[in-house]
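What the coordinates show
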Amino acid sequence: MAALQQTLITFQSRSPPSPPITSGKPLQSTFTAGGLTSLKLPKLAAKLATKPSPHGGASGARMADSAAGSYATALADVAKSNGTLESTAADMEKIDTLFADPEVFDFFTSPIMSLEKKRQVIDEINASSNIQPHIANFLNILIDMKRIDLMKDIVKEFELVYNSLTDTELAVVTSVVQLESQHLAQMAKGVQRLTGSKNVRIKTVIDPSLVAGFTIRYGSSGSKLIDMSVKKQLEEIAAQLDIGDVQLAV
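Report on the accompanying structure. (Residues numbered from 1 in each chain as written. Predicted model: local features only at pLDDT ≥ 70, side-chain atom pairs only at ≥ 80, totals over all residues. Heavy atoms only, no water.)

Tracing the backbone through its elements, the reader meets K118 in helix α6 (residues 115–129). Every residue in contact with K118, bar those within four places of it in the chain, is listed here: F107, F108, T109, S110, M113 and I143. (Helix = DSSP H or I, 4+ residues; strand = E, 2+ residues; numbered from the N terminus. Contact = heavy atoms within 4.5 Å.)

Moving on, we come to the packing of aromatic side chains. According to the stated counting rule, one finds 2 aromatic pairs in the structure shown. Relative to F108, the ring of F99 has its centre 5.3 Å away and its plane inclined at 25 degrees; by these criteria the two rings are stacked. Taken individually, F99 and F108 each receive the classification buried, so the pair is uniform in this respect. Centre to centre, the rings of F107 and F108 are 5.2 Å apart; their planes meet at 80 degrees, and the pair counts as edge-to-face. We classify F108 as buried; its relative accessible area is 1%. Taken together, the aromatic side chains of F99, F107 and F108 make up a single cluster linked through ring pairs. Here the basic side chain of K152 rests over the ring of F105, its NZ or CZ set 4.3 Å away from the ring centre. (Phe/Tyr/Trp six-rings, centres within 6.5 Å; stacked < 30°, edge-to-face > 60°. Buried < 20%, exposed > 50% of the residue type's maximum accessible area, 1.4 Å probe, protein only. Lys NZ or Arg CZ within 6 Å of the ring centre and 35° of its normal.)

Turning to the pairing of strand β5 (residues 224–227), a few remarks are in order. Examined bridge by bridge, strand β4 (residues 214–218) and β5 share 4 bridges and lie antiparallel to one another. Bridge pairing in β5 links T215 to D227. Between β4 and β5, which pair antiparallel one after the other, the connecting turn spans 5 residues, and G219 there sits at a positive phi close to 85 degrees. (Pairing = 2+ DSSP bridges.)

Here it is as structure tokens:
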């Protein structure tokens, strides 16, 4: 079964990003009677209420053609304007991991749970995970607008916007066992040479069905593939011998 484990490594040809900005105390609920937040980030609420512009900022980097894309673009615009794009991307990875838990996702999307309970959990997440105030604020806005069910798609869309803004190529490396960091770094350099991107971001996936070796998928929507797996070699041998699928006992 694929995707049993996932880790992340980033290869950058530029100077390292500034350290994440964190809040020293839990974020309190900041909703007004009108429904929009007042947490020193009025631009975020305003952007979420308007259609993204096709020119400039994150909106210019990638046209949002869905609700999730619009939210992701608005968040990226705010992060870029306040100089927290890198740390915002790191926080979105934390949120992605959190919402990957079915119980967490079901809790936030449940119509039975009150908005206040959901906001209280956001406060707890903020306190325990040290996410930035505008990320906690963003989650509260989604809860208030009853669009928190889009969170998984928003994370995906934000990653695309972030990659576009930072000239980053995403490569997914799939292998049978977890690869060493130095090997992943070499792969990142190889993808950088192939694509000419300023930065390369590697995600790893574990898939025992490959038998041995690895694959690297990159390009637009993973359109390009480097397949160095034993599974691929067996398939090629089977095709040459015209003996159909080769089944290997693992």
